[in-house]
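So the chains spell out like this:
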Amino acid sequence: MAKLQDIVAFCDQRTRRTEIKDFDGAHNGLQVENNGTVRRIGAAVDAGERPFQSAIAAGIDFLICHHGLFWTPPIPLTGANARKIKTAFDGNLAVYGAHLPLDCHPEIGNNALLAKELGLKKIDTFLNYEGNDMATITLGPMGGRAEISKKLQALFPDSYHAIEYGSEKPKRIGILTGSGQSAVPHLLANGVDTLITGELRQHHFNMAQELGLNLYPCGHYATEVFGVKALAAEVAFKFQLEWQFIKQPCRL
């Protein structure tokens, strides 16, 4: 058993929460408190009612979420929103959110960990937001585009897509998990013609053709499981607790 305040302090420090400015209205850090003690750690991509229910059923009382509860505009606590918060309160579930801090972190960030999963070496970053780069650049693999495609299909069998109009042997690979649409206009200026991301819009297909890009949208959810898992594992190790990932059947 550990104190809630100690775990929150560790998460704040490890994610560099105060150093990474998130989108206006987004709130990182502790979002719902419990009775002040923690016995089991959980990780989930989304702070949703069903992940909350699954976490509580598994005996989890501290849940780390990438997509937390609070954004812009603020939401009234009525209907489904009220049920979700009541679920957390009734189940003594503390909820901790870490959005952009768990995207761009150099060690436990989604971009960095996806690059590691693919065996790609990080060499640079780009897409600055409020003083911090949100996207990663890696060296291209020896096997070129075919190797990238094969590894992505194996890692994301349910959500892999490929739009291939760029080089067959890309030298620099961009990685931006989750929504990648903000990165596409900046790829070529950074010497990148290949982007691995979570989701794109329909017009990016035309942009890929016209600009000569390889775009691999592999699922917003699927590309953002890495950071919460890594942080949960570190918290569990630090405080000698067990942890569990709460998986949802999301292919988007």
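The notes below deal with the structure included here. (Residues numbered from 1 in each chain as written. Predicted model: local features only at pLDDT ≥ 70, side-chain atom pairs only at ≥ 80, totals over all residues. Heavy atoms only, no water.)

We now examine the sheet that holds strand β4 (residues 40-46). A sheet is described by the order of its strands in space; here five strands give the open sequence β2-β6-β5-β4-β13, paired in mixed fashion. Both edges of this open sheet fall to β2 (29-32) and β13 (242-245), since each of them pairs with a single strand only. Along the sheet, successive strands turn relative to each other by an average axial angle of 25°, direction set aside. Together, β4, β5 (62-67) and β6 (94-97) form the strand contacts of helix α2 (residues 49-57), whose direction differs from that of β5 by roughly 155°. (Pairing = 2+ DSSP bridges. Helix = DSSP H or I, 4+ residues; strand = E, 2+ residues; numbered from the N terminus. Axes fitted to C-alpha atoms, helices over the stretch in contact; angles between N-to-C directions. Contact = heavy atoms within 4.5 Å.)

Here we come to the pattern of salt bridges. Across all of its chains, the model carries 11 salt bridges by this definition. Residue E242 is joined to R40 by a salt bridge in which the shortest nitrogen-to-oxygen separation is 2.5 Å. Here R40 lies in strand β4 and E242 lies in strand β13, a separation of 202 residues in the sequence. A relative accessible area of 18% means that R40 is categorised as buried. Salt bridges sharing partners connect three or more residues here, namely R14, E107 and E234. (Salt bridge = Lys/Arg side-chain N within 4 Å of Asp/Glu carboxyl O. Buried < 20%, exposed > 50% of the residue type's maximum accessible area, 1.4 Å probe, protein only.)

Attention now moves to the pairing of strand β11 (residues 194-199). On a regular strand, each side chain points to the face opposite its neighbour's, so the side chains alternate between the two faces of the sheet. Burial within β11 is extensive, with five of its six residues counted as buried. Sheet topology note: the strand β10 (residues 172-179)/β11 ladder contains five bridges and is parallel. Looking across to β11, one finds that I173 is bridged to T194. Inspection of the sheet shows β11 paired to strand β12 (residues 214-217) by four bridges, in the parallel sense. Paired with T197 across the bridge in β12 is P217. Remark: the β11/helix α7 (residues 203-211)/β12 crossover connection has right-handed handedness. (Right-handed = clockwise from strand over helix to strand, strands pointing away.)

Once that is clear, we can look at unusual backbone geometry. Located in the positive-phi region is R16, a residue other than glycine, with phi close to 55°. One can find R16 in the loop between α1 (4-15) and β2. One non-glycine residue, L127, lies in positive phi territory at about 65°. Mapped onto the fold, L127 is located in strand β7 (residues 122-129). Assessed through its relative accessible area of 17%, L127 is described here as buried.

What follows covers the packing of α1 against helix α8 (residues 226-239). Where α1 contacts α8, the two axes come as close as 11 Å, and the packing angle between them is 130°. With respect to α8, the axis of α1 lies oblique. Like other packed secondary-structure pairs, α1 and α8 cross with a definite hand, here right-handed. Where α1 approaches α8, its residues D6, I7, F10, C11, R14 and T15 are matched on the opposing element by L231, E234, V235, K238 and F239. In the contact of α1 with α8, the residues fall into six nonpolar, one polar and four charged. (Parallel < 35°, antiparallel > 145°, perpendicular 65-115°, else oblique. Left-handed = near helix turned anticlockwise from the far one by under 90°. Nonpolar A, V, L, I, M, F, W, Y, C, P; charged D, E, K, R; others polar.)

Attention now goes to the sheet that holds β12. The six strands lie next to each other as β7-β8-β10-β11-β12-β9, forming an open sheet whose pairing is mixed. The open sheet is flanked by β7 and β9 (163-164), the only strands paired with a single partner. The pairing of strand β8 (residues 132-139) with β10 spans four bridges and is antiparallel. Within β10, the position partnered with I137 by the bridge is G174. Against the sheet, helix α5 (residues 110-117) makes contact with β8, β10 and β11, and its axis sits at roughly 125° relative to β10, the strand it touches most.

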